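Listed here are the chains, written in short residue letters.
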Amino acid sequence: MTQHNSSEPPDHAAERARTTVHVNNEVVELDDRTPTGEQILAAARLRPASDYALIRWPESGPTNEVALDDVIDLPRHGPLAEFFAIKADGVRYFTLDEERYAWAGPLDVETVRRIGRIDERMGLWLELTDEADFLLTPGDVIDLAAPGVERLYTKKPSWHLQIRDKDYEFDQSQVIVRDALIRAGFDVSKSWEVKFKVKDHAIRPVGMNDVLDLSQPGVERLRVAPANVNNGDGTQDTRRDFSLLPDDVSFLARAGLRWRTIIEGGRWLVVEGYTLPAGYNAPCCTVAVEIPEGYPSAQLDMFFCSPHLTANGATPPQTEHRQVIAGTEFQRWSRHRGAGSEWVPGVDNLQSHFALIEHAITREVGA
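Residues numbered from 1 in each chain as written. Predicted model: local features only at pLDDT ≥ 70, side-chain atom pairs only at ≥ 80, totals over all residues. Heavy atoms only, no water.

Asks: Where do I start with the sheet that holds strand E24 (residues 322-325) in this structure?
Replies: A sheet is described by the order of its strands in space; here six strands give the open sequence E20-E21-E22-E23-E25-E24, paired in antiparallel fashion. Here the strands that pair on one side only, and so sit at the sheet edges, are strand E20 (258-263) and E24. Along the sheet, successive strands turn relative to each other by an average axial angle of 35°, direction set aside. Looking at chain direction, E20 and strand E21 (residues 267-275) are connected through six bridges and run antiparallel. (Pairing = 2+ DSSP bridges. Helix = DSSP H or I, 4+ residues; strand = E, 2+ residues; numbered from the N terminus. Axes fitted to C-alpha atoms, helices over the stretch in contact; angles between N-to-C directions.)

Asks: In this structure, what is going on with the packing of aromatic side chains? I would like to understand it.
Replies: In this description, a pair of aromatic rings is defined by centroid distance and the angle of the planes. All told, the structure shown has ten aromatic pairs when counted by the stated rule. Ring centres of Tyr 295 and Trp 343 lie 6.2 Å apart, and the angle between their planes is 55°; on these two criteria the pair is classed as tilted. In this pair, Tyr 295 is assigned in the loop between strand E22 (284-290) and strand E23 (303-306) and Trp 343 in the loop between strand E25 (328-333) and helix H6 (350-364), connecting sequence segments 48 residues apart. Trp 343 matches Tyr 295 in its accessibility class, with the two residues each being buried. Centroid distance Phe 303 to Trp 333: 5.3 Å. Interplanar angle 25°. Geometry classified as stacked. Highlighted residues: Phe 303 in strand E23 and Trp 333 in strand E25, separated in sequence by 30 residues. Here the two residues Phe 303 and Trp 333 agree in accessibility, since each one is buried. Linked through ring pairs, Trp 57, Phe 84 and Trp 103 together constitute an aromatic cluster. (Phe/Tyr/Trp six-rings, centres within 6.5 Å; stacked < 30°, edge-to-face > 60°. Buried < 20%, exposed > 50% of the residue type's maximum accessible area, 1.4 Å probe, protein only.)

Asks: I'm lost on the pairing of E24 in this one. Help?
Replies: Consecutive residues of a regular strand have side chains that alternate between opposite faces of the sheet. Relative to E25, E24 is paired through four bridges, and the arrangement is antiparallel. Across the sheet, residue Ile 325 finds its bridge partner in E25, namely Thr 328.

Asks: What is the right way to read the pattern of salt bridges from this model?
Replies: When the charged atoms of two side chains with opposite charge come close together, those side chains can pair. Enumeration according to the criterion identifies 14 salt bridges in this entry. Among the salt bridges present, the one from Asp 89 reaches Arg 92, with a minimum N-O distance of 3.9 Å. By relative accessible area, which is 73% here, Asp 89 ends up exposed. The shortest N-O distance in the salt bridge between Asp 241 and Arg 239 comes to 2.9 Å. In this structure Arg 239 comes out as partly exposed when scored by relative accessible area, which is 31%. Salt bridges here are not isolated pairs; linked through shared partners, they connect Lys 197, Glu 220, Arg 221, Arg 223 and Glu 358. (Salt bridge = Lys/Arg side-chain N within 4 Å of Asp/Glu carboxyl O.)

Asks: Help me understand the sheet that holds strand E14 (residues 166-170) in this model?
Replies: Strands in a sheet are paired, the pairing made by backbone hydrogen bonds, and the direction either parallel or antiparallel. Across the sheet, five strands lie side by side as E14-E13-E19-E16-E17; this open sheet has mixed pairing. Bordering the open sheet on either side are E14 and strand E17 (204-206), each of which pairs with just one other strand. The mean inter-strand angle of the sheet, taken between neighbouring strand axes irrespective of direction, is 35°. Here five bridges tie strand E13 (residues 159-163) to E14, and the two strands are oriented antiparallel to one another. Of the residues in E14, the one forming a bridge with Leu 161 is Tyr 168.

Any functional reading would require information that these geometric values do not contain.
In structure tokens form, the structure reads like this:
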């Protein structure tokens, strides 16, 4: 009696050997090692298949689109093949470090970092045409529907700080003042007066061991000047011919400014040791502001500097007038509030006026 072997030929059995893949992080079983894109979607119970975009994420290299009739030769060994099935009306593309990636639907930063296998120490940047490139942060979404192909790239994060008139790059966002000065070539064995400027905030003094957060928005510069030398007898001029408002006193204290008030042909606030940016003929100056009787309802206007200042070798415009205060000749800076920035009682004060002074002084040297 002839015995029949009911088993399939070895080569045919191998063709039909069952295998598994990952689709959207789920294990999906297949009856074929060479399935089509449509078969993979069907096995994942994603129907109708035409509603989905199928993206393959290879073990190395960028993602790529799998059409419904494309045949995939699945590996026999190693990690399971990875796919993303996304309900979308089509596949779009972006480049990451000059490699072309396929994707469908919304694309967030976390997905880019995952499929691009980006080291957590690297920053992810969006290349822009008409403005500075943009550092992407967790939660940001890239709009692939916009015209053109979005271009992304990675680089090690860095933060910038201007010290005097030069820009310095740091590989950490937290920088100790002493280290920043050493980087800029200052002799830290000497005494320096250091102030930190952040946009829309009052400039503030910092100590050598203070930590600067360069990641906060609006970081601008460190101003550095030789520490003020006193008269040698341990005393300072603390003349107080009239009192300031408590909020103004607090502002001057936070800013680390030495000041006095004088009544002489007007009521004057005189601030010593105001640090100047590079480009002026002096590292610091004395600033005087006239405080009218009706302040704070009455506005503060203009300011006065001693010694007479030049900016990049030239006399700033509208600074020709001279004013003597307590025997010292000051240079009047005729700077006034324009339309849209009028004085608002209850909102404006000495701090907002010093913000205008800061703007006027830095503007002359392009700082």
